[in-house]
Amino acid sequence: MDAAERIVAHAKAQTSAEPATWRPFRDSKRLPLEIIPQRKNSKHGFTVLSSGRPLPKARVEVLGPDSCALVGETDEDGCATFDLPQSGLYGVWTKSVDQVQGEFEGRPYARTTRLSTLTLPVEVVPSVRLTTK
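Predicted, not measured: the structure shown is a model, and the values here were computed from it. (Residues numbered from 1 in each chain as written. Predicted model: local features only at pLDDT ≥ 70, side-chain atom pairs only at ≥ 80, totals over all residues. Heavy atoms only, no water.)

1. Some words on the overall build of the protein
Along the backbone of the protein there are 0 helices and 10 strands. In the protein, the succession of helices and strands from N to C terminus is β-β-β-β-β-β-β-β-β-β. The principal-axis extents of the C-alpha atoms in the protein amount to approximately 75 × 30 × 25 Å. Put simply, the protein has 133 residues, and 35% of those count as buried. Pairs at least 24 residues apart make up 53% of the contacts formed inside the protein by residues separated by at least 6 positions. Carbon and sulfur atoms make up 50% of the accessible area of the protein, which totals about 8700 Å². The average position of the 18 basic charges and that of the 16 acidic charges among the side chains of the protein differ by 4 Å. (Helix = DSSP H or I, 4+ residues; strand = E, 2+ residues; numbered from the N terminus. Buried < 20%, exposed > 50% of the residue type's maximum accessible area, 1.4 Å probe, protein only. Contact = heavy atoms within 4.5 Å. Areas by Shrake-Rupley, 256 points an atom, 1.4 Å probe, with all protein chains shown as cover. Lys, Arg positive; Asp, Glu negative; His and termini not counted. Charge placed at Lys NZ, Arg CZ, Asp CG, Glu CD.)

Okay, structure coming up:
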C-alpha cells in the first residue's frame, strides 16, 4: 500500500482595498505558506513565502470579477505581478509540495502539499499617460 499525500490548506483574507492596511502575517509556524499582496504603481504583486522565505517559480492563480482568470509564476524574489483589469473582489492561490515523508494520526504520507489562498478587495488605479499636442 502506497503512502498517502497529506494536504494542508491555509486561508487568509484582507478586508480593505487600501494597500497601506495590507499586513503580512509572517508566522511561518502557523502559516507556513503565505501570499502577501502589494500594489506596484498600477499593477498588483503577490509575494509567496514558504517557511518565511520567498518561493521562486511558484504558480500563482488569480480569480476576479467577470470571470477574470490570470496565471503567473513568481520570480526569484517570490513575487508574481499582474495587471488586474478592474476593481473588485479577488481570490489568489498557490501551492507548494514538500517531498518529506512522515506520519499523521498513525497514517504514513509520502509528501505534503500545502495550498494557500488569499481573498481581498482590490481598487485598480489606472496608469496615467501623458500626451502632447
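2. Points about the packing of aromatic side chains
Scanning the entire structure with this criterion turns up 1 aromatic pair. Geometrically, the ring pair formed by Phe 46 and Phe 82 is tilted, given 6.1 Å between the ring centres and 55° between the ring planes. Pair noted here: Phe 46 is in strand β3 (residues 43-50) and Phe 82 is in strand β7 (residues 79-82), with a separation of 36 residues, a long-range link. The same class applies to Phe 46 as to Phe 82, namely buried. The ring of Phe 104 is capped by Arg 6, whose NZ or CZ atom sits 5.3 Å from the centre of that ring. (Phe/Tyr/Trp six-rings, centres within 6.5 Å; stacked < 30°, edge-to-face > 60°. Lys NZ or Arg CZ within 6 Å of the ring centre and 35° of its normal.)

3. Some points on the side chain of Thr 74
Take Thr 74: it is sitting in the loop between β6 (68-73) and β7. Judged by relative accessible area, Thr 74 falls into the buried class, the value being 3%. A distance of 2.6 Å separates a polar atom in the side chain of Thr 74 from the backbone oxygen of Leu 55. A polar side-chain atom of Thr 74 sits 3.0 Å from the main-chain amide nitrogen of Lys 57. (Polar contact = N/O pair within 3.5 Å; in protein donor to acceptor, adjacent residues only side chain to side chain.)

4. Focus on the nonpolar core
By size, the foremost hydrophobic cluster in this structure holds 17 residues, and its most contacted members are Phe 46, Val 60, Val 62, Phe 82, Leu 84, Val 92 and Leu 120. It is strand β10 (residues 107-122) that contributes the most residues to this core, 3 residues altogether. If we skip the residues at most four places from it in the chain, Val 60 touches Val 48, Leu 70, Val 71, Gly 72, Thr 74, Ala 80, Phe 82, Val 92, Trp 93 and Thr 94. (Core = buried A, V, L, I, M, F, W, Y, C linked by side-chain atoms within 4.5 Å.)

5. Some thoughts on the environment of Tyr 90
For Tyr 90, the location among the structural elements is in strand β8 (residues 88-98). Classification of Tyr 90 by relative accessible area gives buried; the value is 1%. Separated by 31 residues in sequence, Tyr 90 and Pro 121 have C-alpha atoms that sit 6.0 Å apart. Sequence-distant contacts of Tyr 90, that is, excluding residues within four places in its chain, are made with Val 62, Leu 63, Gly 64, Pro 65, Cys 68, Leu 84, Pro 85, Leu 118, Thr 119, Leu 120 and Val 122. Polar side-chain contacts of Tyr 90 include one of 2.6 Å to the backbone oxygen of Gln 86.

By themselves, these figures tell us nothing about what the structure is for.
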